[in-house]
Amino acid sequence: MSNRLTSAAFAVTGVLFFVYPAIRPSGDDAAAMAGAPWVVGHLAAMLGFVLLGLAVLGLHQRLGDRLSLRAAMVTWAGAGLTLPYYGAEDFGLHVIAVRALRDGTPALMELAGEFRFHPVAVAMFAGGLVLLGVGAIMAAVAVWRSGTLTRWSGAPLALGFALFIPQFFMAYPLRVVHGGLLMAGGLWLAAALWPRAARGAAPAPVAAR
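Conventions and cut-offs
- Position numbers for residues count from 1 along each chain, tracking the sequence in the order it is written.
- pLDDT decides what is reported in this predicted model: residues at 70 or higher carry local features, side-chain atom pairs at 80 or more are listed and counted, and totals for whole chains, interfaces and linings draw on all residues regardless.
- The side-chain figures draw on all heavy atoms in the structure; neither hydrogens nor water molecules are used.
- Think of it this way: any DSSP run of H or I at least four residues long counts as a helix, any run of E at least two long counts as a strand, and we number them from the N terminus.
- The size measure is the radius of gyration over C-alpha atoms, and the globule rule it meets is 2.2 Å times the number of residues to the 0.38 power.
- Two residues qualify as a contact provided that any one of their heavy atoms is within 4.5 Å of a heavy atom in the partner residue.
- Within this scheme the basic residues Lys and Arg register as positive and the acidic residues Asp and Glu register as negative, but His and the chain ends are omitted.
- For charged residues, the charge sits on one atom: NZ in Lys, CZ in Arg, CG in Asp, CD in Glu.
- What is meant by a nonpolar core is a set of buried Ala, Val, Leu, Ile, Met, Phe, Trp, Tyr and Cys residues, joined one to another through side-chain atoms within 4.5 Å.
- Burial classes follow relative accessibility: with a 1.4 Å probe on protein chains only, a residue under 20% of its type's maximum area counts as buried, one over 50% as exposed, and anything between as partly exposed.
- Lines fitted to C-alpha atoms define the axes, with helix axes restricted to the stretch in contact, and inter-axis angles between N-to-C directions lie between 0 and 180 degrees.
- Working rule for angles: under 35 degrees goes down as roughly parallel, over 145 as roughly antiparallel, 65 to 115 as roughly perpendicular, anything else as oblique.
- Residue polarity is assigned by list, with Asp, Glu, Lys and Arg as charged and Ala, Val, Leu, Ile, Met, Phe, Trp, Tyr, Cys and Pro as nonpolar; anything else, Gly included, falls into the polar class.
- Pairing of aromatic rings covers Phe, Tyr and the six-membered ring of Trp, with a centre-to-centre limit of 6.5 Å; geometry is then stacked below 30 degrees between planes, edge-to-face above 60, and tilted otherwise.
- Polar contacts, as used here, are pairs of N or O atoms within 3.5 Å; protein pairs need one atom able to donate a hydrogen and one able to accept it. Residues neighboring in sequence count only if both atoms are side-chain atoms.

A. Main features of the overall build of the protein. Helix and strand counts for the protein stand at 9 helices and 0 strands. Mapped in sequence order, the helices and strands of the protein form the string α-α-α-α-α-α-α-α-α. Taken against the 2.2 N^0.38 rule, which gives 17 Å for 209 residues, the C-alpha radius of gyration of the protein at 19 Å falls within 12% of a compact globule. Dimensions of the protein along its principal axes, counting C-alpha atoms only, are 65 × 30 × 30 Å. In the protein, the share of contacts with a sequence separation of at least 24, taken over all contacts with a separation of at least 6, comes to 76%. In the protein, 14 positive and 8 negative side-chain charges are present, and the distance between their average locations comes to 24 Å.

This is the structure:
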């Protein structure tokens, strides 16, 4: 991937992870799940996970070090484990909610809880998000060590993914703030990787390791 494509991937990733909580309904009842914003919001997150993997791969191609390669591998593994849960959350729960409202059978919504707390599903979901956080932190460290990119440019995105699981337990306005953090992190890293900015960055001393 070229620097421009990598930069664009980080920028769009950040925007998508802000769109996710900004559009997604704050509730988890049938009325929320049956609406188009539920589908669009979760779809934005899923596209964000895919683009994040491509962006970190592009970062490795830009830096060419082993740490960024490992970051890309861990990020792809995390996205792969996370996406099935998000797909079921988006499309599966949406279909159940529409049917529950149409037929007047609220008991159908019990299926949502059974899916969400299924041991295998939760384990895959949580494990995937942990790997995404680890991958983002590894990428931020690779940026810090690179000597060619702004040292702190990877930190906000790494912090955002490290907080991805805790934000599920926050008040909804804070979840939107978390989305803003991811957007800021994606845009900052995109700006650091944009060809003109990357050429103009003065190499920083890299400690021996």
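Next, the rest of the story.
B. Summary view of the nonpolar core. Counting 49 residues, the largest nonpolar core has Phe10, Phe49, Tyr86, Met109, Phe161 and Phe164 as the members making the most contacts within it. When residues of this core are traced back to their parent elements, those giving at least two are α1 (3-23), α2 (30-33), α3 (36-63), α4 (66-103), α5 (110-116), α6 (119-146), α7 (155-162) and α8 (172-193). It is α4 that contributes the most residues to this core, 11 residues altogether. Non-local contacts of Met109, meaning those with residues more than four positions away in its chain, are made with Asp29, Ala30, Met33, Ile96, Ala97 and Ala100.

C. Examining the packing of α1 against α8 more closely. It is at 7 Å that the axes of α1 and α8 come closest, and there the two elements cross at 170°. The orientation of α1 with respect to α8, classified from their angle, is roughly antiparallel. The class makeup of the residues in the contact of α1 with α8 is 17 nonpolar, 7 polar and 1 charged.

D. Broad picture of the side chain of His42. Tracing the sequence through the fold places His42 in helix α3. With a relative accessible area of 1%, His42 lands in the buried category. Not counting residues within four places of it along the chain, the set of residues in contact with His42 comprises Tyr20, Arg24, Tyr86, Glu89 and Asp90.

E. Broad picture of the packing of aromatic side chains. Inspection of every chain in the model, using the stated rule, returns 13 aromatic pairs. A ring pair is formed by Phe17 and Phe164, whose centres lie 5.8 Å apart and whose planes are at 85°; its orientation type is edge-to-face. Highlighted residues: Phe17 in helix α1 and Phe164 in the loop between α7 and α8, separated in sequence by 147 residues. Classification of Phe17 as buried rests on a relative accessible area of 2%. Taking the relative accessible area as the measure of exposure, Phe164 reaches 1% and is therefore buried. For the pair Phe49 and Phe164, a centre-to-centre distance of 5.8 Å together with 50° between the ring planes defines the contact as tilted.

F. Representation of the side chain of His60. Note that His60 resides in helix α3. Accessibility expressed as a relative area gives 16% for His60, which makes it buried. A polar contact is formed between the side chain of His60 and the backbone nitrogen of Leu69, at a distance of 3.4 Å. Not counting chain neighbours up to four residues away, the residues in contact with His60 comprise Asp65, Ser68 and Leu69.

G. Structural detail: the environment of Ala30. Examined against the element boundaries, Ala30 turns out to sit in helix α2. The class of Ala30 is buried, set by a relative accessible area of 14%. Expressed as a C-alpha distance, the spacing of Ala30 and Leu193, which sit 163 residues apart in the sequence, is 42 Å. Non-local contacts of Ala30, meaning those with residues more than four positions away in its chain, are made with Ala97, Leu101 and Met109.

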